[in-house]
Amino acid sequence: MGRLGGIARHERSRSAIETLQRVSVTRASGVAGDKSGVIRPGGKGRRQISLIEAESWDAALADLPAGPDAALPWHVRRANLLVQGIRLPREAGKIIAIGESLRIEVTCECDPCSRMDKIFPGLKAALLPDWRGGVLGRVLTDGDIAIGDVVRIEQ
């Protein structure tokens, strides 16, 4: 088991990131107030919510030319949730449970884009190995979550 270490959202593409202590996550809208959460008519919701491991983020920073001194906060990755102490599944269809009721189905790897190099040169390459950029998912069951909640992988 791991813990939820961070929550973030952004209202529009390229808008500022807002970090939160708690949030509602629903099948209808993903992370409340986040631009990616609402599934368009006919859409599959493959990119409804994004998660990244704290350990993978730290490994990526260590691989940057500046090393760990880069000291970039995790949310510049633009992921919604930061998990700590647990390895996220590296295959579609696995279920991530957070808190009492939130369930997220992993849909695919969250490939880092060229915007990462605008944040810090070399960040995109540092996030490429071993799914360091995180995972994308679809919300299966609604839940209210808060930093510190238990995170587990369900079989």
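Residues numbered from 1 in each chain as written. Predicted model: local features only at pLDDT ≥ 70, side-chain atom pairs only at ≥ 80, totals over all residues. Heavy atoms only, no water.

Draft legend 1. Here's a closer look at the pattern of salt bridges. For the structure on display, the rule yields seven salt bridges. Across the pair aspartate 63 and arginine 132 runs a salt bridge whose closest N-O atoms are separated by 2.7 Å. Within this pair, whereas aspartate 63 is found in the loop between α1 (54–62) and β6 (81–84), its partner arginine 132 is found in the loop between α3 (123–127) and β9 (135–141), the two being separated by 69 residues in sequence. Looking at aspartate 63, the relative accessible area reads 48%, which means it is partly exposed. The closest approach of N and O atoms between glutamate 105 and arginine 138, which form a salt bridge, is 2.9 Å. Pair noted here: glutamate 105 is in strand β8 (residues 102–109) and arginine 138 is in strand β9, with a separation of 33 residues, a long-range link. Bridged by salt links that share partners, the residues Glu53, Arg87, Arg90 and Asp130 form one connected network. (Salt bridge = Lys/Arg side-chain N within 4 Å of Asp/Glu carboxyl O. Helix = DSSP H or I, 4+ residues; strand = E, 2+ residues; numbered from the N terminus. Buried < 20%, exposed > 50% of the residue type's maximum accessible area, 1.4 Å probe, protein only.)

Draft legend 2. Local environment of the sheet that holds strand β3 (residues 22–26). With respect to topology, three strands assemble into an open sheet ordered β4-β3-β10, the strand pairing being antiparallel. Each having just a single partner strand, β4 (30–31) and β10 (143–146) make up the two edges of the open sheet. Where β3 and β10 come together, four bridges link them in antiparallel fashion. Bridge assignment links arginine 22 to a residue of β10, and that residue is alanine 146. (Pairing = 2+ DSSP bridges.)

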